[in-house]
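A closer look at the structure
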Amino acid sequence: MAERAVTHLFTHVRGLSGVESMVRRHLRDDPQAGLTPSAVSFFEQGDFTQVGFAKQVSGLGLTGSASGWTFRRRFQGAIAHHPVGHRIYHEAWGLPPLADLDRAQRRFAFLHSHWTGAENIFRGLRGLVDGIFCVSPAIRSAVRTCLPEIPEERLITIRNPVDPPPSHLILPPRRQNPEMVLGFCGRVVSQPKRVERLPDLARRLHARRIPHRWEILGDGPDRASLEEAFQQTGVPAHFHGAQTGEAVWRILAGWDVIVFASDFEGMPLALLEALSVGVLPLFPRLASGGRDTTEAIAPELVYESGQLDDAVRAVAWLRQQTPETWEQLRERGRQRLVPHSGTVYLRTYADFLDRIATLPRLSAEGPAARRRHLGEWMPFSLLKRLPASHPLRREYL
């Protein structure tokens, strides 16, 4: 049935980011809720067999030299092969420039993070969405500020799901390591992950004589420079590269702390997965679900964003705790996972889609949804260099 068709739209679907993992999860699990899922990947093309959904994904193959006009033309051709139904724009990426072409019965934004300048995009959703998914109360609050006219029933706070590790990989109670094992999990990139801060943190911890070593789980364009920077610190750092399946759980289970150094985050899946195997978070003070979760475990584990001396303070505090306190903190972390059940998530998600479908349409459609913008003449590579508040990007991309 067309009204139960759902198309997920995002920049990529093959990669390591949490949002890409969520898109793939929906392609896998939406049928369990009676939905027919598909996806459009803006910056990828070719065969999507490697992610298991070759027939469900269309790739536009955009590059940095493409402009909004190219974007619109390719999207119009691709979306014609997807059934009319709900359209879900993850991180609202592409929603303002594509809304008039998407053939949506209902249009949604799914906001996974509160990035720098996000408010400029939130305001651009005015008149174009029927419902908005927010992964944390902080993101929902920001949306309410930017779009006060949207009724509360059109917004939902939804907890990112996390699958439990295989039972045979759950380790017995852990002993405190003589040297702390700090880990990073995700795309190895400067923006938005700010991985270049990790060697600096290692250097400061070493200067404080805090014994530790690092493990990096993931890959990305800045891996080589990060490896070189760690070599210069004299602190051991092992790079696992990209891993999948049981290998991920085995690696995570050996860490004491998972470190986040980003300038913005939402509710990272890596954080939830780490908590499930007893790893404690070190998280910057950002408007995000990750910060809220970390504060609930121990406020001392939240550090001022970008202030690495404060991060050292947090690690030093944790090292001083007794094994009994460590286990209490781990148990608090496991308790924070209760609302993140995959079953609860899927039911909440599908119920919200169905509820919005019964309400009058709010979003404009067809020519009325066309949002002309100066930025659509510019190549994406140029727009990416501009702040989100710049007139060429504001309320556009």
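Let me sum up the structure you'll find in this document.

Cut-offs used in this document
Residue indices follow the written sequence of each chain, beginning from 1 at its first position. Confidence filtering applies because this is a predicted model: local features only for residues at pLDDT of at least 70, side-chain atom pairs given and counted only at 80 or more, and all residues used for totals across whole chains, interfaces and linings. Based on all heavy atoms of the structure, the side-chain values leave hydrogens and waters out of the count. Under the DSSP-based scheme used, a helix requires at least four consecutive residues in state H or I and a strand at least two consecutive residues in state E, with every element numbered from the N terminus. Buried, partly exposed and exposed residues are distinguished by accessible area as a fraction of the type maximum, computed with a 1.4 Å probe on protein chains only: under 20%, between the cut-offs, and over 50%, respectively. Pairing between strands requires that DSSP locate at least two bridges from one strand to the other. Between two residues, a contact is recorded if the distance between any of their heavy atoms is within 4.5 Å. Orientation is described by lines fitted to C-alpha atoms, with helices fitted over the stretch in contact, and by angles between N-to-C directions that extend from 0 to 180 degrees.

Our next topic: unusual backbone geometry. The residue after Q191, namely P192, is reached through a cis peptide bond having omega 10°. As for its position among the elements, P192 is in the loop between β8 (180-185) and α6 (197-207). At E91, a position not held by glycine, the phi torsion is positive, near 60°. If you trace the backbone, E91 turns up in the loop between β4 (85-90) and α3 (95-98). E91 sits in the buried class, given a relative accessible area of 11%. Phi angles above zero are rare outside glycine, and A92 is one such case at about 60°. Mapped onto the elements, A92 comes out in the loop between β4 and α3. On the basis of relative accessibility, which here comes to 2%, the residue A92 falls in the buried class.

Taken together, the six strands give an open sheet; going across it, the order is β10-β9-β8-β11-β12-β13, and neighbouring strands pair in parallel fashion. Where the open sheet ends on each side, the last strands, each with one partner, are β10 (237-241) and β13 (302-303). One ladder, built from two bridges, connects β8 with strand β11 (residues 257-259); its direction is parallel. Within β11, the residue paired with G183 across the bridge is I258. Across the face of the sheet, α6 comes into contact with β8, β9 (212-217), β11 and β12 (280-284) while running at roughly 165° to β9.

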